[in-house]
Amino acid sequence: MPTITEVADVNTLKEEGNNHFKEGNITKALDSYTRALDILDIKDGEKAVILKNRAACYLKEEDYQAVIDDCTASLELVANDPKALYRRCQAYEHLDKVEEAYKDAGTIIKVDPKNMAVQNILRRLNPIIQEKVKQQNSTSAKVTQMFELVFDAKTDKEQRLQACNNLIVLAREEAGAKIICEMSGVDKLLQLLLEKDPEINQTAIRTLSCLAANSQERSYLVQEKMGVQKMMTFMSLKHDGLCTSTALLVQNLITHISGLPEYKKLLQHYHDERKKGNPCRYPKFEMDEQATEFIDGVFKILVKMLQSNKVSGYGRDSAMELIIKNMLRSDGVQWTRKFLDTDGVEGLLTIASAIPQHETCTIEITESSKYHASVALAKIYDDLLSDKERDMFRDQCSTFFKELFGDSLFESKVEAIKCISSLLQGPYEVGNIILGFDGVTQIMLALANSDKSMHQQVAVEAIVHSASKKDKCAGLLNDAVPVLKKLYQESTDAVKVRALVGLCKLGSFGGSDASHRPMQDGSTLALAKACRKFLNDPNKSVDLRRWGTEGLAYLTLDAEVKEELINDTAALRSLIDVVAKADKNILYPAASVFVNLTNSYEKPDIMPEMIELAKYSKQHVPEEHEKDKPEHVKQRLQKLAKAGVITAMVSIATTDSTNTREQISRVYNAITVEEDLRGIVVQQGGAKSLVDLSTKNNTDPGKILAAWSLARITITANPETTFPGQRIYEVVRPLLSLLHIDRTALQNFEALLALTNLASLNDTLRKRIVAEKGLPSIEHYMTEDHDMLRRAATECMCNMVMNEEVVKIYEGETDRLKLMVLYCGEEDELVVRAAAGAMAMLSNSEKICNKILGVGPWQEILLSVVVNENVEIQHRGCYIVRNMLSVNKEMAEKVIEGQMLEVLMALSILEDPQREMVVKCAASCLEVCVQHGLIKPKE
C-alpha cells in the first residue's frame with residue numbers, strides 16, 4: 001500500500017504537471033509526470049491518468065512513438081479509455097500507420113459514439129483504408145501469380161528469374177511483404193534455395209532480405225525458418241552475388257532483431273534533449289534473451305569464417321564487412337570487447353598476411369581482402385575504451401608477429417612484412433610498434449634488395465606505408481631512399497610504381513608550404529609526370545593506375561604539380577575513369593587528389609599577430625605558393641568541373657569510409673562556391689550524393705560541409721526539380737544543422753536563405769521545418785546584431801507564418817509577436833518588408849490583431865508602414881490595417897485614431913499606376929469603416 005506521503009506526492013506532481021501543461025511549458029510538465037510515475041505503488045487508475053497526460057505532452061513535442069508507448073501502457077491499465085485511444089490514434093496517423101489509427105478510431109466510436117473529433121479522423125482515414133484494401137487485393141493476386149510462375153515446371157528459366165525479381169519488388173513494399181508471409185512465402189523461398197542454380201538462389205535470398213527489412217516480426221520469422229548456419233553456408237560460397245546478398249540479409253536480421261533502430265531513436269532523443277539543456281537518462285542498449293542468442297550465434301560464426309579454408313574470398317570479405325558495420329559500441333551491437341576474447345584479431349592479421357603464391361597459404365582472399373582487414377583492425381582499435389583493452393589488442397598483435405618472425409620458414413617472414421603494411425594503414429600506432437621489433441627493418445630492406453619481384457613488391461609496400469609520419473621513420477627512410485631509387489629504375493612495373501609512390505611520399509613532406517622543398521628543384525614535377533604516365537596508360541592494370549593515383553595524392557600538395565595536372569586533360573579523364581573501375585583502395589587517394597586540386601583541405605586558422613611573432617623570433621613561417629592564390633584555384637575548379645569530376649565524386653561517395661566521404665564533402669564545398677558550377681553538380685547527380693553525405697556515415701566536419709553545399713544549391717536552383725519526390729524533405733535537417741553557434745556567419749546566412757526558399761514552396765515543407773525544431777533556431781537569428789543574418793531570418797519567418805501551427809505559436813507568445821511588430825518600424829527596408837509581409841499574414845487571426853494592440857508604439861509603426869515609399873511595404877501595411885479593421889468596431893475605432901483615416905483617404909484617391917494595389921486596399925479599408933458606421937459612404 002502507498003503511504004499518505006507518497007499519495008500526496010503523486011497528486012502534487014500530477015497537478016504540477018497539469019499546470020505546466022496549461023501554461024505551455026511542456027518540458028516541465030513532462031518532468032513532473034515522469035517523476036510521478038517513478039513513485040512506487042501508484043494505483044492503476046492514477047497511473048493510467050498520468051500516462052495519458054504525459055502522452056499529451058509527447059504529442060505536443062511530436063514524439064509520436066513515445067505517445068504510442070504511454071497510451072498503450074495506460075490502456076493496459078484501463079481498457080478502451082477514449083482519451084488514451086484518441087491520442088494513440090493521432091500518433092499512429094502522424095507515423096503513417098493508417099490501419100492502426102483506423103482501428104483505434106473505430107474502438108472510440110463504439111465507446112463514445114458522439115465523439116466528433118474522432119468522426120473527422122474516420123472520414124479522413126476511410127478513403128485511405130479503402131484504397132489500401134483495393135491495393136492489397138491487387139498485390140495478393142500478383143504474389144500468387146509470381147509464385148505460380150516460379151514453381152511451374154513448364155516455365156523457362158528466364159521467366160522464372162523475372163518472376164523472382166518481381167517478388168523482390170513486391171517484398172520491398174509493406175503490403176507485399178505481409179502478403180508473401182501470409183502465403184507461406186518464406187517456406188516457398190527456402191525451397192528455391194535447394195536448387196543448384198546460383199541466380200535463382202540469389203533472388204530468393206534478396207526477397208528474404210526485403211522481407212526482413214523494417215520488421216522485427218518478419219526478421220524473426222526468416223531467422224527461425226532459415227537458421228543462421230544455412231545463411232552462413234550461402235555466404236561462404238564462391239559466388240560474389242550470393243555472398244553480397246546473403247550478407248545484406250544477415251545485416252537486416254541483425255539490425256531489426258537486435259532493436260537497433262529503436263535504440264538509435266532513443267539515442268537521438270537523448271542528444272536532442274541534452275542540446276536543449278534538459279536532463280535525461282542515457283539510454284542503454286539492451287537485447288532480450290532470444291535476440292542475444294541470435295546475435296551471439298552470428299558473431300561466433302563470423303569470427304570462425306575469418307580463418308576457415310572452406311570460405312571463399314568473397315565470403316571472407318562479406319564477413320569482415322559485417323564485423324565492421326556491427327562492431328562499434330556507439331553504432332552497432334557492440335562486439336568490440338567480445339572480439340578481443342576470441343581469435344578474431346589473429347584472423348584479421350592472418351588475412352592481412354596472406355600471400356596466395358605461397359604454398360603455406362590455406363585461405364582464399366580477393367584483391368579487397370587486405371583493405372577490409374586494415375579497416376576492421378583500425379575500427380576495433382579506435383573503439384577500445386581503456387588502456388587495458390588496448391594492451392590486449394597490442395599483445396595479440398605482438399604474439400602473432402613473434403610467431404611469424406620466429407618461424408624457420410622464410411615465407412613466414414615475407415608474410416609478416418606484408419601484414420605490417422595493413423597495420424600501418426589501420427592502427428598505425430600498433431604497426432609502428434611492430435616496425436620497431438629488432439631486425440624488422442633489416443628484413444624489409446633485404447626483401448627490397450631481393451631479386452624476386454614479389455619480395456620487392458611486399459617490401460616496398462611496407463616502406464611506403466611506414467613513411468606516413470616523417471618523425472617516426474626518419475632512420476628507415478634514410479636507408480630506404482637509395483633502395484627505392486634503384487627499384488624505380490630497374491624493376492618490373494608492379495614494383496616500380498610502388499617505389500615511385502614511396503619517393504612521392506618523401507617529396508610531399510613539405511605539404512603546401514612553398515618555402516619547404518625536401519627534394520631538388522624539378523624532382524617533384526618529374527615524379528608527378530611519372531605518376532601521370534602510369535595513370536594515363538589504358539594498357540596498364542587497374543592496380544598500377546591506382547598506385548599512380550596514390551603518388552599524385554601526395555605530390556598534388558605542390559602548387560606546380562597541381563597546375564600541370566589540371567592542364568593535363570587526358571590525366572584528369574583517366575583519373576575519373578579509374579575511379580569508376582577500381583576497387584575501394586583507390587577511392588581515398590583519388591579523393592585526396594581532388595581535395596588538393598581544389599585547395600579544400602583543412603587549413604589552420606593562424607592569427608596575423610602570431611605570424612609576425614614567429615617572424616620576429618626567427619621561426620619558420622609557411623608560405624603560400626603564387627599558384628595557390630584564389631584566381632588560380634578558381635580556374636582549376638572550372639577545369640575540374642568540365643572534365644567530369646562530379647561523376648567521379650558521386651562514385652567515390654558510395655564508400656563506407658567516413659574519411660573518404662569527408663574528402664568528397666570538401667571538394668563539393670569548394671565547387672559550389674562558384675555559382676555557375678552548381679548547375680553542373682545537380683545535372684551530374686551531385687545533389688542526391690550531398691543529401692546522403694550530409695545525413696549519414698560521414699565525419700561531423702564532412703556533414704557540415706555537405707550541408708553547406710546543399711544550402712548553396714538550394715539558394716540558386718529550383719529545389720523541386722533539384723530534389724525530386726521525398727528527397728526535398730531530407731534537405732531540411734542538414735540545413736538546420738547550419739543554424740548553430742559553432743557555425744560561421746556565412747554558413748548561418750546561406751542556410752537561412754535556403755530555408756526561406758524551401759518554406760516558400762508548400763506547407764508540407766513548412767511543417768517539416770517546424771517538426772525538425774527549426775523555428776527556435778530561425779527566431780534566434782532574428783535577434784542577431786548582424787544585419788544580414790537578422791534580415792535573412794526575418795524573411796524566412798515571413799514564409800514560415802503561412803503555416804497554421806506557426807500562427808498558433810504567435811497567437812500564444814506575446815514576445816514573438818512584439819518583435820515582429822517592432823521590426824515593421826526598423827530602418828532596414830528589407831527587414832521591414834519581411835516583417836510587414838509576416839504581419840500581413842498573421843493579422844488574419846483575430847487573436848493576433850488583439851495582441852498587436854498590446855505592443856507599445858503599434859499605431860506609430862503601423863502608420864510608418866502605410867506611408868512607406870516602397871510600394872510593396874505600403875501594400876502590406878494597408879492589408880494589415882484592413883485585417884485589424886475587420887475584427888470589430890471597437891478595434892476599428894482604435895486603428896483609425898490619429899492620422900490613419902486621413903492617410904487611407906489620401907491613398908484611396910491616388911492616381912499612380914504603380915500603386916494600384918495600394919489604392920484598392922486603402923479603398924477596401926474605408927469600406928470596412930463604412931460598414932462599422934465610423935464614416936459615411938461617398939455620395
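Residues numbered from 1 in each chain as written. Predicted model: local features only at pLDDT ≥ 70, side-chain atom pairs only at ≥ 80, totals over all residues. Heavy atoms only, no water.

### Comments concerning the overall build of the protein chain
So, step 1. Helices and strands together make up the secondary structure of the protein chain, namely 55 helices and 0 strands.
So, step 2. Judged by the C-alpha coordinates and their principal axes, the protein chain covers about 110 × 70 × 70 Å.
So, step 3. Going through the 939 residues of the protein chain one by one, you find that 51% of them count as buried.
So, step 4. As presented, the protein chain carries roughly 44,900 Å² of accessible surface, and 49% of it is formed by carbon and sulfur atoms.
So, step 5. Of the charged side chains in the protein chain, 115 are positive and 134 negative; the average position of the first set lies 3 Å away from that of the second. (Helix = DSSP H or I, 4+ residues; strand = E, 2+ residues; numbered from the N terminus. Buried < 20%, exposed > 50% of the residue type's maximum accessible area, 1.4 Å probe, protein only. Areas by Shrake-Rupley, 256 points an atom, 1.4 Å probe, with all protein chains shown as cover. Lys, Arg positive; Asp, Glu negative; His and termini not counted. Charge placed at Lys NZ, Arg CZ, Asp CG, Glu CD.)

### Points about the environment of Glu-829
So, step 1. By the secondary structure assignment, Glu-829 is in helix 49 (residues 829–842).
So, step 2. Of the residues examined, Glu-829 reaches a relative accessible area of 45% and is grouped as partly exposed.
So, step 3. Distance in space between the C-alpha atoms of Glu-829 and Cys-361 is 77 Å, their sequence separation being 468 residues.
So, step 4. Not counting residues up to four positions away in its chain, the partners in contact with Glu-829 are Asn-870 and Ile-873. (Contact = heavy atoms within 4.5 Å.)

### What to know about helix 11 (residues 198–212)
So, step 1. Its 15 residues place the ends of helix 11 21 Å apart at the C-alpha level, agreeing with the 21 Å of an ideal helix rising 1.5 Å per residue.
So, step 2. Of all the 15 residues making up helix 11, 11 are buried; the element is thus mostly covered by neighbouring parts of the structure.
So, step 3. Of the positions making up helix 11, those classed as buried are Ile-200, Asn-201, Thr-203, Ala-204, Ile-205, Thr-207, Leu-208, Ser-209, Cys-210, Leu-211 and Ala-212.
So, step 4. In this structure, the buried residues of helix 11 make contact with helix 8 (157–172), helix 9 (174–182), helix 10 (185–192), helix 12 (216–226), helix 13 (228–235) and helix 14 (240–258). (Expected span 1.5 Å × (residues − 1).)

### What to know about the confidence of the model for the protein chain
Do not read the fine detail of predicted coordinates wherever pLDDT is low.
So, step 1. Per-residue confidence for the protein chain gives a mean pLDDT of 86, with 91% of residues at or over 70.
So, step 2. Contacts from residues 1–7, a stretch scored under 50 in pLDDT, to residues over four places away or in other chains number 4 contacts.
So, step 3. Across residues 470–474, confidence stays below pLDDT 50; counting only partners more than four residues off in sequence or on other chains, it has 6 contacts. (pLDDT = per-residue confidence, 0-100.)

### Some points on the packing of helix 22 (residues 410–425) against helix 24 (residues 440–448)
So, step 1. Here helix 22 crosses helix 24 at 100°, and the two axes come no closer than 11 Å. Accordingly, the angle class assigned to the pair helix 22 and helix 24 is roughly perpendicular. Touching Phe-410, Lys-413, Val-414, Ile-417 and Ile-420 of helix 22 are Val-440, Ile-443, Met-444 and Leu-447, all from helix 24.
So, step 2. Class assignment for the residues of the contact of helix 22 with helix 24 results in 8 nonpolar, no polar and 1 charged. (Axes fitted to C-alpha atoms, helices over the stretch in contact; angles between N-to-C directions. Parallel < 35°, antiparallel > 145°, perpendicular 65-115°, else oblique. Nonpolar A, V, L, I, M, F, W, Y, C, P; charged D, E, K, R; others polar.)

### So, unusual backbone geometry
So, step 1. Residue Asp-96 is not a glycine yet carries a positive backbone phi of 65°.
So, step 2. A residue is classified by how much of its surface remains accessible, and Asp-96, at 58% relative accessible area, is exposed.
So, step 3. With a phi close to 65°, Asn-214 is a non-glycine residue in the positive phi region.
So, step 4. If you trace the backbone, Asn-214 turns up in the loop between helix 11 and helix 12.
So, step 5. For Asn-214, a relative accessible area of 65% translates into the label exposed.

### Some thoughts on the environment of Lys-505
So, step 1. Within the secondary structure, Lys-505 sits in helix 27 (residues 493–507).
So, step 2. The exposure class assigned to Lys-505 is buried, which follows from its relative accessible area of 3%.
So, step 3. Between the C-alpha atoms of Lys-505 and Asp-558, which are 53 residues apart in sequence, the distance is 12 Å.

### Observations concerning the packing of aromatic side chains
So, step 1. What the rule picks out here adds up to 6 aromatic pairs.
So, step 2. Residues Phe-299 and Phe-339 carry aromatic rings whose centres are separated by 6.4 Å and whose planes lie at 65° to one another, so their mutual orientation is edge-to-face. Of this pair, Phe-299 sits in helix 16 (residues 289–307) while Phe-339 sits in helix 18 (residues 336–340), placing them 40 residues apart in sequence. Assigned by exposure class, Phe-299 and Phe-339 land together as buried.
So, step 3. A network of ring pairs unites the aromatic residues Phe-299, Trp-335 and Phe-339 as a single cluster.
So, step 4. Against the face of Tyr-488 rests Lys-496, its NZ or CZ located 5.5 Å from the ring centre. (Phe/Tyr/Trp six-rings, centres within 6.5 Å; stacked < 30°, edge-to-face > 60°. Lys NZ or Arg CZ within 6 Å of the ring centre and 35° of its normal.)

### Concerning the pattern of salt bridges
For side chains of opposite charge, pairing can occur when their charged atoms come near one another.
So, step 1. All chains considered together, the criterion is met by 48 salt bridges.
So, step 2. For Glu-16, the salt bridge identified is with Arg-35, shortest N-O distance 3.1 Å. Of the two residues, Glu-16 sits in helix 1 (residues 4–22) while Arg-35 sits in helix 2 (residues 26–38), which places them 19 residues apart along the sequence.
So, step 3. Residue classification places Glu-16 among the partly exposed positions, given a relative accessible area of 28%.
So, step 4. A salt bridge links Asp-628 to Lys-562, with the nearest nitrogen and oxygen atoms 3.0 Å apart. (Salt bridge = Lys/Arg side-chain N within 4 Å of Asp/Glu carboxyl O.)

### Notes on helix 54 (residues 900–908)
So, step 1. Among all positions in helix 54, only Met-900, Leu-901, Val-903, Leu-904, Leu-907 and Ser-908 are buried. Take helix 54 and look down its axis: the buried residues cluster within an arc of 160°, on one side only.
So, step 2. Buried residues in helix 54 make contact with helix 51 (858–866), helix 52 (871–885), helix 53 (889–895) and helix 55 (916–931). (Arc of directions from axis to C-beta.)

### Quick notes on the side chain of Glu-415
So, step 1. Note that Glu-415 resides in helix 22.
So, step 2. Salt bridges are absent for the buried Glu-415, whose nearest opposite-charge side chain, Lys-418, sits at 10 Å.
So, step 3. In this structure the side chain of Glu-415 is engaged in a polar contact, spanning 3.1 Å, whose partner is the side chain of His-358.
So, step 4. Beyond its immediate stretch of four places on either side in the chain, Glu-415 contacts Ser-353, Ile-355, His-358, Thr-360 and Leu-404. (Polar contact = N/O pair within 3.5 Å; in protein donor to acceptor, adjacent residues only side chain to side chain.)

### Focus: the environment of Met-802
So, step 1. Within the element layout of this structure, Met-802 appears in the loop between helix 46 (787–800) and helix 47 (804–812).
So, step 2. Spatially, the C-alpha atom of Met-802 lies 8.2 Å from that of Arg-766, the residues being 36 residues apart in sequence.
So, step 3. Those residues in contact with Met-802 that sit more than four places away from it in its chain are Ala-759, Asp-763, Arg-766 and Met-841.

### Notes on the side chain of Arg-661
So, step 1. Mapped onto the elements of the fold, Arg-661 is located in helix 36 (residues 658–672).
So, step 2. Setting aside residues up to four positions removed in sequence, Arg-661 forms contacts with Ala-653, Thr-655, Asp-692, Leu-693, Lys-696, Asn-697 and Asn-698.

### Examining the packing of helix 46 against helix 49
So, step 1. Between helix 46 and helix 49, whose axes approach to 8 Å, the crossing angle comes to 20°. One way to sum up the angle between helix 46 and helix 49 is to call them roughly parallel. Helix 46 and helix 49 meet at a crossing whose hand is left-handed. Across the interface between the two elements, Arg-791, Thr-794, Glu-795 and Cys-798 from helix 46 touch Leu-830, Val-831, Arg-833, Ala-834, Ala-835, Gly-837, Ala-838 and Met-841 from helix 49.
So, step 2. In terms of residue class, the contact of helix 46 with helix 49 is built from 7 nonpolar, 2 polar and 3 charged. (Left-handed = near helix turned anticlockwise from the far one by under 90°.)

### Describing the state of the cysteines
So, step 1. Summed over all chains, the structure comprises 0 disulfides.
So, step 2. Distance from the sulfur of Cys-89, which forms no disulfide, to the nearest cysteine sulfur (Cys-71) is 10 Å.
So, step 3. Residue Cys-89 is classed as buried on the basis of its relative accessible area, which comes to 0%.
So, step 4. Of all cysteine sulfurs, the one in Cys-419 lies closest to Cys-361, which takes part in no disulfide; the gap is 12 Å. (Disulfide = S-S within 2.5 Å.)

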